[in-house]
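Chains, contacts and geometry: an overview
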Amino acid sequence: MLVLFGLAGYLLFALVRAIIEAFSDAGPEVAAALLTGATTVLVAVLSVLLTRFFERRNAREREQQQKRTPVYEEFIAGLLESLGFTKTAEERKEGMDQAEVARVLGNFTKQAVVWGSDDVIRAWVDYRYATMKMNPKDLTQGRQGMRKLEELFLTIRKDLGLSNKSLRDGDLLRLFINDLDSGEGAEPAQQSR
């Protein structure tokens with residue numbers, strides 16, 4: 001692509017130089033015709049170059065999107081499953097399978113390095129650090145960890161092209177946490193996007 005822009009720059013320079021030389025030797029009618037022709041050629045060349053540039057960029061973005069979508073879907077499904085959010089109350093009493101949680105988190109980390117956007121990787125790191133420092137008996141830290149999880153989910157949705165504009169704080173968490181707003185220190189839902 002850089003070579004293409006370099007070639008276009010050289011051609012533009014050569015064209016401008018030729019036009020200046022032609023204008024200096026030609027009469028006003030010929031100069032006007034040359035200027036019109038040069039402008040037409042220049043606009044056509046720039047249009048082709050810009051069209052190809054944007055087509056390639058869009059194709060690359062579509063390809064990345066196709067690779068990211070299953071990575072994100074697998075991660076969210078695996079995380080919710082391993083944390084027990086898709087299980088019945090009876091199944092949750094058995095506790096989390098720590099090996100499964102580690103597998104899901106490790107697999108996502110590996111795939112995020114290759115396919116995750118910068119924003120998703122940043123949100124993933126923030127979530128991991130928030131949960132690594134968390135005391136399981138501290139409800140405030142638990143809520144902060146859940147908020148970081150929601151931020152990760154929102155970032156993933158944004159990376160997939162969704163706007164999140166109509167979502168309020170906690171909406172995604174409420175999809176799988178029934179009592180999010182109950183208890184001490186519960187924060188009311190607020191419009192945030």
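Numbering of residues starts from 1 in every chain and runs along the sequence as written. Two thresholds apply to this predicted model, a pLDDT of at least 70 for residue-level local features and 80 or more for giving and counting side-chain atom pairs, whereas whole-chain, interface and lining totals are computed over all residues. To obtain the side-chain values, all non-hydrogen atoms of the structure were used and water was disregarded.

**Concerning unusual backbone geometry**
In this model, N164 sits at a positive phi of 65°, which is unusual for a non-glycine residue. Runs of E in the DSSP output that reach at least two residues are strands. Runs of H or I that reach at least four are helices, and both are numbered from the N terminus. Mapping N164 onto the fold places it in the loop between helix 6 (139-159) and helix 7 (171-174).

**Overview of the packing of aromatic side chains**
The aromatic pairing rule takes the rings of Phe, Tyr and Trp, using the six-membered ring of Trp, and pairs them if the centres are within 6.5 Å, calling planes under 30 degrees apart stacked, those over 60 edge-to-face and the rest tilted. This model, assessed by the stated rule, comprises seven aromatic pairs. When the ring of Y72 is compared with that of F108, the centres are 6.4 Å apart and the planes differ by 50°; the resulting orientation is tilted. Residue Y72 is found in helix 2 (residues 28-82), and its partner F108 is found in helix 4 (residues 98-115); the two are separated by 36 residues along the sequence. Exposure is judged per residue with a 1.4 Å probe applied to protein chains only, and the accessible area is read against the type maximum: over 50% gives exposed, under 20% gives buried, and values in between give partly exposed. Using a relative accessible area of 1% as the deciding quantity, one classes Y72 as buried. When its relative accessible area of 2% is taken as the criterion, F108 is described as buried. Ring centres 5.0 Å apart and planes at 85° place the aromatic pair F108 and W124 in the edge-to-face group. You can see F108 sitting in helix 4 and its partner W124 sitting in helix 5 (residues 118-132), a full 16 residues away along the chain. Residue classification places W124 among the buried positions, given a relative accessible area of 4%. Three or more aromatic residues link up through ring pairs in this structure, and these residues are Y72, F75, F108, W124 and Y127.

**What to know about the nonpolar core**
Residues belong to a common nonpolar core when they are buried Ala, Val, Leu, Ile, Met, Phe, Trp, Tyr or Cys residues joined through side-chain atoms within 4.5 Å. If you look at the biggest cluster of nonpolar residues, it comprises 26 residues, and the most contacted ones within it are F75, F108, L149, L152 and F153. Secondary structure elements with two or more residues in this core: helix 2, helix 4, helix 5, helix 6 and helix 7. At six residues, the largest contribution of residues to this core is made by helix 6. Any two residues whose heavy atoms approach within 4.5 Å are treated as being in contact. When sequence neighbours within four positions are dropped, the list of residues in contact with L152 reads F75, V120, A123, W124 and Y127.

**Comments concerning the packing of helix 4 against helix 5**
Following both chains from N to C, one finds helix 4 and helix 5 inclined at 150°, their axes separated by 10 Å at the closest point. Relative to helix 5, the element helix 4 lies roughly antiparallel. Crossing handedness for the pair helix 4 and helix 5: left-handed. Along its contact with helix 4, which presents L105, F108, T109, A112 and V113, the element helix 5 presents V120, I121, W124 and R128. Residue composition of the contact of helix 4 with helix 5, by class: seven nonpolar, one polar and one charged. Under this scheme, a helix contributes an axis fitted over its contacting stretch, all axes are lines through C-alpha atoms, and angles between N-to-C directions fall in the 0 to 180 degree range. Here roughly perpendicular refers to angles of 65 to 115 degrees, roughly parallel to angles under 35, roughly antiparallel to angles over 145, and oblique to all remaining angles. We call a crossing left-handed when the near helix sits turned anticlockwise from the far one by less than a right angle, and right-handed when that turn is clockwise. Gly is placed with the polar residues, together with every amino acid not listed as nonpolar (Ala, Val, Leu, Ile, Met, Phe, Trp, Tyr, Cys and Pro) or charged (Asp, Glu, Lys and Arg).

**What about the pattern of salt bridges?**
Between side chains of opposite charge, a pair can form as their charged atoms come close. The working definition used for a salt bridge is a side-chain nitrogen of Lys or Arg within 4 Å of a carboxyl oxygen of Asp or Glu. Scanning all chains against the criterion turns up seven salt bridges. The salt bridge partner of E100 is R103, with a shortest N-O separation of 2.8 Å. Separated by three residues within a single helix, E100 and R103 lie in helix 4, roughly one turn from each other. By relative accessible area, E100 is classed as partly exposed at 26%. Taking the shortest distance from any N to any O, the salt bridge between K148 and E151 comes out at 3.7 Å. Here the residue K148 and the residue E151 both occupy positions in helix 6, the gap between them amounting to three residues, near one helical turn. With a relative accessible area of 26%, K148 lands in the partly exposed category. On the basis of relative accessibility, which here comes to 39%, the residue E151 falls in the partly exposed class.

**Observations regarding the environment of V104**
You can see V104 is positioned in helix 4. Looking at V104, the relative accessible area reads 5%, which means it is buried. Each C-alpha atom, one on V104 and one on L80, is 9.9 Å from the other, the two residues being 24 residues apart in sequence. In contact with V104, other than residues within four places in its own chain, are F75, G78, L79 and S82.

Limitation: the analysis is restricted to geometry and does not speak to function.
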